Amino acid sequence: MNKRNIIFYVLLTLALTACGGASESAVNSEASVDPSKKFKWKMVTTWPANFPIFQEGAERFADDVRTMSNDRLDIHVYAGGELVPALQVFDAVSNGVVEMGHGSPYYWAGKVPEAQFFSSVPFGMTAKGMNAWLYNAGGLELWNEIYKPFNLMAFPMGNTGVQMGGWFNKQINSMADIKGLRMRIPGLGGKAFKKAGGNPVLMAGSEVYTALERGTIDATEWVGPFHDTRLGLNRAANYYYYPGWHEPGTVFELMINESKWSLLPKDLQKIVETAAAATSEWIYAQMEYHNQQALTELKTKQNVQILEFPEEVLSSFKQLTKQTLDEEAAASPAFKRVYDAYENFRANYAGWDELSEESYQASLRLE
Ligand code: CA
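Note that the structure is predicted; figures quoted are calculated from it, not measured.

With that settled, consider the pairing of strand 2 (residues 73-78). One ladder, built from six bridges, connects strand 1 (residues 39-45) with strand 2; its direction is parallel. Bridge assignment links F39 to a residue of strand 2, and that residue is L73. Taken together, strand 1, helix 3 (residues 54-68) and strand 2 form a β-α-β motif whose crossover is right-handed.

Attention now goes to the confidence of the model for the protein. With 91% of its residues at a pLDDT of 70 or more, the protein has an overall mean of 92. Predicted confidence for residues 1-27 stays below pLDDT 50, and this span has ten contacts to residues more than four positions away or in other chains.

As a further point, take helix 5 (residues 127-136). What helix 5 keeps buried is the set A127, G129, M130, W133 and L134. Viewed along the axis of helix 5, the buried residues span an arc of 160°, placing them on a single side of the element. Its buried side turned inward, helix 5 meets helix 6 (139-147), strand 4 (152-159), strand 10 (251-257), helix 11 (266-298) and helix 13 (333-364). G138 sits one or two residues past helix 5 and shows a positive phi near 90°.

All right, on to the pattern of salt bridges then. Tallied over the full model, the rule gives 18 salt bridges. With a closest N to O distance of 2.8 Å, D74 and R66 form a salt bridge. Exposure remark for R66: the relative accessible area of 23% places this residue in the partly exposed category.

For the rest of this paragraph, the subject is the sheet that holds strand 2. Strand order in the open sheet formed by five strands is 2-1-3-10-4, and the pairing between neighbours is mixed. Each edge of the open sheet is held by one strand with a lone partner, namely strand 2 and strand 4. Averaged over all pairs of adjacent strands, the angle between their axes in this sheet comes to 25°, without regard to strand direction. Pairing of strand 1 with strand 3 (residues 100-103), which is carried by three bridges, proceeds in the parallel orientation. For M43, the partnering residue across the bridge sits in strand 3 and is M100. Strand contacts of helix 6: strand 4 and strand 10, with the helix running at about 130° to strand 4, the strand carrying the most contacts.

One way to put it is that helix 5 packs onto helix 13 with a least axis distance of 10 Å and a crossing angle of 130°. Considered as vectors, helix 5 and helix 13 are oriented oblique to each other. Handedness of the crossing formed by helix 5 with helix 13: right-handed. Contacts from K128, G129, M130, A132 and W133 in helix 5 reach A341, Y342, F345, Y349, D353 and E357 in helix 13.

The next point concerns the packing of aromatic side chains. Given two aromatic rings, one states the distance between the centres and the angle between the planes to describe the pair. On inspection of all chains with the given rule, the structure shows 28 aromatic pairs. When the centroid spacing of 6.4 Å and the interplanar angle of 85° are considered together, the rings of F51 and W222 count as edge-to-face. Of this pair, F51 sits in the loop between strand 1 and helix 3 while W222 is found in the loop between strand 8 (219-220) and helix 9 (225-230), placing the two residues 171 residues apart along the sequence. In this pair, the class of F51 matches that of W222, namely buried. Consider the rings of Y241 and F309, whose centres lie 4.9 Å apart with planes at 15°: the pair is stacked. One end of the pair, Y241, is in strand 9 (residues 239-242); the other, F309, is in the loop between strand 11 (305-308) and helix 12 (311-331), and 68 residues separate them in sequence.

As a further point, take the sheet that holds strand 5 (residues 166-168). If you walk across this open sheet you meet the six strands as 7-6-8-5-9-11, and the pairing is mixed. Strands with a single pairing partner mark the edges of an open sheet, and in this sheet they are strand 7 (199-201) and strand 11. Of the pairings in the sheet, the one linking strand 5 to strand 8 comprises two bridges and is antiparallel in character. Of the residues in strand 8, the one forming a bridge with F168 is A219.

Quick look at the packing of helix 7 (residues 187-195) against helix 12 now. Relative orientation of the contacting elements helix 7 and helix 12 amounts to 115°, with a least axis distance of 9 Å. The angle between helix 7 and helix 12 falls in the class roughly perpendicular. Between helix 7 and helix 12 lies a crossing of right-handed hand. Of helix 12, the residues touching helix 7 (which contributes L188, K191, A192, F193 and K195) are F317, L320, T321, Q323, T324, L325, E327 and E328. In the contact of helix 7 with helix 12, the residues fall into six nonpolar, three polar and four charged.

Criteria and thresholds
Residues numbered from 1 in each chain as written. Predicted model: local features only at pLDDT ≥ 70, side-chain atom pairs only at ≥ 80, totals over all residues. Heavy atoms only, no water. Pairing = 2+ DSSP bridges. Helix = DSSP H or I, 4+ residues; strand = E, 2+ residues; numbered from the N terminus. Right-handed = clockwise from strand over helix to strand, strands pointing away. pLDDT = per-residue confidence, 0-100. Contact = heavy atoms within 4.5 Å. Buried < 20%, exposed > 50% of the residue type's maximum accessible area, 1.4 Å probe, protein only. Arc of directions from axis to C-beta. Salt bridge = Lys/Arg side-chain N within 4 Å of Asp/Glu carboxyl O. Axes fitted to C-alpha atoms, helices over the stretch in contact; angles between N-to-C directions. Parallel < 35°, antiparallel > 145°, perpendicular 65-115°, else oblique. Left-handed = near helix turned anticlockwise from the far one by under 90°. Phe/Tyr/Trp six-rings, centres within 6.5 Å; stacked < 30°, edge-to-face > 60°. Nonpolar A, V, L, I, M, F, W, Y, C, P; charged D, E, K, R; others polar.

Below you can see the structure in the form of structure tokens.
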């Protein structure tokens, strides 16, 4: 922009300000956007460096944004611990130390317990239900309302699909087998596990293999066949249980500092939003692909028994989960508000899911 144009814009802005009210929309309008302006942003993630699919997804998103914006928005991605520790991603983006983060909302349960509904809750919705709620039924608006006091906003950016129940060093035949069991199982699932007399243990992913192999813990959940075998868990325990009742499809988030977001021109905002949605689909499809590959491979391993949790066990965990959620809701109006919105959608969606997907899946098991 040359000097004459700058003077023109200053005069125009002053004139609009004098008219009152119109000034803000004029400043934010696309006419005031300088298309040659380049943005250099940083994104921190909660994943270890080179962590397959998750960290890969974040890097792929940044590449897509660079390409689509013709280098106008250049995002440098840092893995957990490279710039800030993994569990400080929320604060780093909230404070504007960096512009973006990639993780999952349940990591911030200590600060914002109701954020867990935008991640995954035990016996809650799978990826397709979550997508329907978030994108179309007010879920994302509610999520952003919850994040607003932290100067944050979010877009969904990934889903693990239904996780596995975990690795156990003994068979689980009834709830009596849960009593005293030391298991790495975080979040709301961990709380339900504790109500069953189990001993939930908090532990970073990097320590899980050694702890299970040495018997410091008796069981662990992690993700699914692909990531679990990468971690070597099939060499540390023999019984691999399904389904992952505690994490039926964990949503990942692209979190953005809202003040920084408001400085982006509209076209770059649209590119970010579109790339996040594309990455979401990519991560989910990668999970489904690699998990089936890894499961096929696991079935050939002599020592591994792949078992379904008995109905009695799942039914008990379901009741204990309901108790856990009701207690949290009774203690916090903010939690209750999101719980009610989630439950309202989930209950209605379940009716459609039952007569579409579930009924069809049942027909596939017929002779
Ligand atoms: Ca997990």
